[in-house]
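Residues per chain, in single letters:
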Protein chains: 2
Amino acid sequence: MQMRFDGKLGFAGGIIEVEDESVEAGIGREMLEEMGIDPAVYPLSKGDHVSSQPFHCETLPQVKALHFYALEVTEAQIAEIENNARNAIHYGEEVLGWVRVPLYTMTDGYNGFPAFLDNNFVGNARDQLLEALIKTGIMTKEEIDSAVKVAKFSKNQ
Amino acid sequence: MQMRFDGKLGFAGGIIEVEDESVEAGIGREMLEEMGIDPAVYPLSKGDHVSSQPFHCETLPQVKALHFYALEVTEAQIAEIENNARNAIHYGEEVLGWVRVPLYTMTDGYNGFPAFLDNNFVGNARDQLLEALIKTGIMTKEEIDSAVKVAKFSKNQ
């Protein structure tokens, strides 16, 4: 995930522009701008779609819905993406850095994934992360639920 | 700052080893291991010291105090450090990524620095960040206090 300009963690993304031919093309453009990923090398398909939800925001009236996609890549591709991330057009402005998500819980029962969930996430990025982990089979619904229960942020809600 | 293995934000650091000749030498070794920074190119001096505080932890009885240093670097050096960070020995294990700290507050009064302060920080890393910003003259005590007041985490305490 990225540390955003607003101090919160989130995913690469943005607004579909007039020149984008599809949702996937718009996401591909944002991947290039924010992550330095060439969408020709990492093409998104409709099968990578995770979730969509309605969106209402006074300052962005043209945005009606959020579409979230997850693309599975190899370990070598992750290395290539991380190595190139600093060269992205928006690095240092919209994007303040990239972090991996710890996908484990340490023996104290909190550090690792539950502690990560207590960071400050933009909008529904925290839910999007959880959805993506289930959809890609990285975690089960039960594993997610148990981590969410331990995270302090959830307890406070 | 780094996203740590435990899902929290923190600074590079670790335990002073027997072979370290000084606190500064120990920090230099950790800078190399966690950030890929050559301590010969970026030598720390006693003038870079920000704060020290007593430390008590059952699982680390040998650690008696935390020593925190801040080194001022140029923009070109930041670029070099960021570009090389992924090659650090502990990248992908202890270190899950590096992020810049947003040093501004956006027009809504929360996004930016105050929102960043609502992430999950290890130990006293959040206080260390605030101390370093004052010591280096990047922010005034008044600017820090006003951001801390806006951060939700502080409100909950």
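None of these values were measured; they are calculated from a predicted model.

Basis of the calculations
Residues numbered from 1 in each chain as written. Chains lettered and ligands numbered in written order. Predicted model: local features only at pLDDT ≥ 70, side-chain atom pairs only at ≥ 80, totals over all residues. Heavy atoms only, no water. Pairing = 2+ DSSP bridges. Helix = DSSP H or I, 4+ residues; strand = E, 2+ residues; numbered from the N terminus. Phe/Tyr/Trp six-rings, centres within 6.5 Å; stacked < 30°, edge-to-face > 60°. Buried < 20%, exposed > 50% of the residue type's maximum accessible area, 1.4 Å probe, protein only. Lys NZ or Arg CZ within 6 Å of the ring centre and 35° of its normal.

Participant: Just give me the short version of the sheet that holds strand β2 (residues 9-10) of chain A, but keep the residues and values in it.
Facilitator: Taken in spatial order, the six strands line up as β2(A)-β1(A)-β5(A)-β5(B)-β1(B)-β2(B) in an open sheet, and their pairing is antiparallel. A strand with exactly one partner marks an edge of an open sheet, and here the two such strands are β2 of chain A together with β2 (9-10) of chain B. Pairing between strand β1 (residues 2-4) of chain B and strand β5 (residues 95-99) of chain B: three bridges, direction antiparallel. Residue pairing for β5 of chain B: Gln-2 of chain B is matched across the bridge by Trp-98 of chain B.

Participant: Describe the packing of aromatic side chains, with residues and values.
Facilitator: Under the criterion given, the structure shown has four aromatic pairs over all chains. Consider the rings of Phe-116 of chain A and Phe-121 of chain A, whose centres lie 5.6 Å apart with planes at 70°: the pair is edge-to-face. Since its relative accessible area comes to 0%, Phe-116 of chain A is described here as buried. Look at Phe-121 of chain A and you get buried, because its relative accessible area is 11%. Considering the side-chain rings of Phe-11 of chain B and Phe-68 of chain B, the 4.9 Å spacing of their centres and the 50° angle between planes classify their relative orientation as tilted. Of this pair, Phe-11 of chain B sits in the loop between β2 and α1 (23-35) while Phe-68 of chain B sits in strand β4 (residues 65-69), placing them 57 residues apart in sequence. Its relative accessible area of 7% is what places Phe-68 of chain B among the buried residues. Between Lys-152 of chain B and the ring centre of Tyr-110 of chain B, over which it is positioned, the NZ or CZ distance is 4.6 Å.

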